[in-house]
Amino acid sequence: MNQKWESGNFNEAAALISEQAEKKGESKDAVVWRLEQGAVLRTAGKYEESNKAFDLAEELIDKYEDKAKVKVTRETLATVTNLAMLPYEGFAYDKIMMNTYKALNYLQLAEYEKARVELYLAHQRQEDAVYINSARIEKAEEEGKRQNYNINLAQINSDSKFKQQYENNFSDLERFKALELYVNPLTVYLDALYFMAQATSSSDLERSLKSFERVCSMIGENAYINQDIEMVRQRIIGQPLQATTYVIFETGQAPARDSMRIDLPLFFITPGLPYFGAAIPKLLYNNDFISSLNISHDGLTEPAMLLSSMDAVIAQDFKNELPLIVTKTLIASAIKAGAAYGAYTGVTGSNQKNTTAGLAVMFAAFVYQAAMNQADIRTWQTLPKEFHFCRFPTPVDRKIELEQPYSGFKLPVAIDDGIINVVWVKSINRNSPFTVTQFRLKDSPEGIKLPVRRPEPVVAATDAKAFSAEQDVQKEKNTETNQEMP
């Protein structure tokens, strides 16, 4: 599937991923397979099928979130095996992108109200993620106490050997600009665009303005965002939307995960046991991608600017998740190592007799530990590396050209009819072809009635008497018909 995906053969990739996802049913890996299926089907232009796959993933995710008792049972099982035995429940960024992609699919299908629902859900998932993650850490610590293992993360982090390994392996997490916890700038920007174009009330426009301002606070001062903010402000005072085209460039592939060994200080929680080599996941970044896109229109060329780095979003989420991974791994390692040590002393006795049998038991125990000591490296791999964006007044001839800088190749695109148009461009790697789709956020200037702030009429002094007389007549008419003045 990856081979077909990376070469741009999305229809065959979609067929392969759908076949595998169906086989997984509701297994422990079902969620990640459904997320992959939804993303590949979306890229293949199968928007309804894509949302069906995302719906199945969401049903399982919601079930995992609701059934806390089931979670405890499964996490207890993982302590005597490995964390990869737990169901893949989806990371915070998975859930946010799932609803974001669903919203985009509905926009492609011109089902605007359904898109609105998904944007609300994506926003709510961002708000809930902080609580959910802190609750999971608490649950892991409670499990440690139940097993008589008091996990003191501060004490563990102060251990010089562990600290050195941690810094050597996870220093890359610090190189990204700090984002708001569990917030994806793409999702917030799409929220702002939608509520600007599809506003049905002044509160929608206020929401749009706040979302644009929030994006600006995350990515820094940006000329495109400033133009959006000005357009919303004009809309608030009753001015119509200007014909505008947005180009969103989705490029590259999100980080994969690999397993690495790190020594955990078990003697902090089980006296007599030394460091234990445990398998911990590590992010692997993919740098085979097109890093920029130029858009030509009306004799001008403008660059698409970075909107959201999924590397940064995922790294932030991974960094937030790491204490939980370490806590769970410590519990699992302590139980396994303690069982091995107990079996060894049980055979050898306090006088260390029966050493041959003892060594055989110890060897068997460590073979089992090695087999079970696996990091959970499952992750949604068909997410992109970055999102870039550009906006400009729609050209009169409705023609633009897309160009990878220094490539010498320009891809012509004819803009569809509409007031607010979005051109979505996707690239998997440097050698895969561009996939270009479009949708309209607003078809025409008519159709949406909003209360506007009307300016006071300006009346010339010579016409003041006549204007006053007309007002008196109009008041009498309004009284007779029991209507308010316009």
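It should be noted that the structure appears before, not after, this text.
Residues numbered from 1 in each chain as written. Predicted model: local features only at pLDDT ≥ 70, side-chain atom pairs only at ≥ 80, totals over all residues. Heavy atoms only, no water.

A separate point is unusual backbone geometry. Positive phi values are uncommon outside glycine, yet Arg398 reaches one of about 55°. Even without being glycine, Tyr406 reaches a positive phi, approximately 70°. Along the chain, the position of Tyr406 falls in the loop between strand E8 (399-403) and strand E9 (410-414). (Helix = DSSP H or I, 4+ residues; strand = E, 2+ residues; numbered from the N terminus.)

Turning next to helix H12 (residues 223-236). The end-to-end C-alpha distance of H12, which contains 14 residues, comes to 20 Å, matching closely the 20 Å that a straight helix rising 1.5 Å per residue would cover. For H12, the set of buried residues is Tyr224, Ile225, Asp228, Ile229, Met231, Val232, Arg235 and Ile236. The buried residues of H12 all sit within an arc of 160° when viewed along its axis, so they share a single face. For H12, the N-terminal cap is Asn222; the gap from its side-chain oxygen to the backbone nitrogen of Tyr224 is 2.8 Å. (Expected span 1.5 Å × (residues − 1). Buried < 20%, exposed > 50% of the residue type's maximum accessible area, 1.4 Å probe, protein only. Arc of directions from axis to C-beta. Polar contact = N/O pair within 3.5 Å; in protein donor to acceptor, adjacent residues only side chain to side chain.)

Tyr189 and Val247 are the most contacted members of the largest nonpolar core, which totals 101 residues. Element by element, the count of residues in this core is highest for helix H13 (residues 310-348), at 11 residues. (Core = buried A, V, L, I, M, F, W, Y, C linked by side-chain atoms within 4.5 Å.)

So, on to the sheet that holds E8. Within the open sheet, the 4 strands sit side by side as E5-E4-E8-E9. Their pairing is antiparallel. Each edge of the sheet is formed by a strand with only one pairing partner; in this case those strands are strand E5 (300-303) and E9. Here the strands of the sheet are splayed against their neighbours by 25° on average, with no regard to which way each runs. Bridge count for strand E4 (residues 294-297) against E5 is 4 bridges, and the pairing is antiparallel. Looking at the pairing, His297 lines up with Leu300 of E5. (Pairing = 2+ DSSP bridges. Axes fitted to C-alpha atoms, helices over the stretch in contact; angles between N-to-C directions.)

On to the layout of surface pockets. Of the voids in this model, the second largest pocket is the one considered here, and its volume is about 320 Å³. Around the second largest pocket, the lining comprises 16 residues; the ones closest to its centre are Val32, Trp33, Glu36, Thr379 and Gln381. Broken down by secondary-structure element, the contributors of at least two residues to the lining of the second largest pocket are helix H2 (10-24), helix H3 (30-43) and strand E2 (256-265). Of the residues assigned to the lining of the second largest pocket, the class counts are 7 nonpolar, 5 polar and 4 charged. (1 Å grid on protein atoms, 1.4 Å probe; cavity = no way out; pocket = protein on both sides within 12 Å on 5 of 7 lines; lining within 4 Å. Points joined across faces, edges and corners; volume = space filled by probe spheres on them. Nonpolar A, V, L, I, M, F, W, Y, C, P; charged D, E, K, R; others polar.)

Let's shift gears to the sheet that holds strand E6 (residues 305-309). Taking strand neighbours across the sheet as the criterion, the 5 strands line up as E6-E7-E1-E10-E11 in an open arrangement whose pairing is mixed. Two strands in the sheet have a free side with no partner beyond their single neighbour: E6 and strand E11 (435-442). The sheet shows a mean angle of 25° between the axes of neighbouring strands, direction not considered. In terms of strand pairing, strand E1 (residues 244-251) meets strand E10 (residues 420-427) through 8 bridges, oriented parallel.

This next bit is on the pairing of E1. Among the 8 residues that make up E1, 8 are buried, leaving the element largely enclosed by the rest of the structure. Bridge count for E1 against strand E7 (residues 386-393) is 8 bridges, and the pairing is antiparallel. Its bridge partner being in E7, Val247 is matched across the sheet by Cys390.

The next subject is the packing of aromatic side chains. All told, the structure shown has 18 aromatic pairs when counted by the stated rule. Aromatic side chains Phe91 and Tyr93 sit 5.7 Å apart centroid to centroid with 10° between the ring planes, which places their arrangement in the stacked category. Taking the centre distance of 6.0 Å and the plane angle of 45° together, the rings of Phe170 and Phe318 count as tilted. Placement of Phe170 in helix H9 (residues 160-170) and of Phe318 in helix H13 is noted, with a sequence separation of 148 residues between them. The burial state of Phe170 is the same as that of Phe318; both residues are buried. Three or more aromatic residues joined by ring pairs make a cluster, and in this case those are Tyr189, Phe212, Tyr224, Tyr246 and Phe389. Between the NZ or CZ atom of Arg175 and the centre of the ring of Tyr285, over which it lies, the distance is 4.8 Å. Residue placement shows Lys385 over the ring face of Phe289; its charged tip is 5.1 Å from the ring centre. (Phe/Tyr/Trp six-rings, centres within 6.5 Å; stacked < 30°, edge-to-face > 60°. Lys NZ or Arg CZ within 6 Å of the ring centre and 35° of its normal.)

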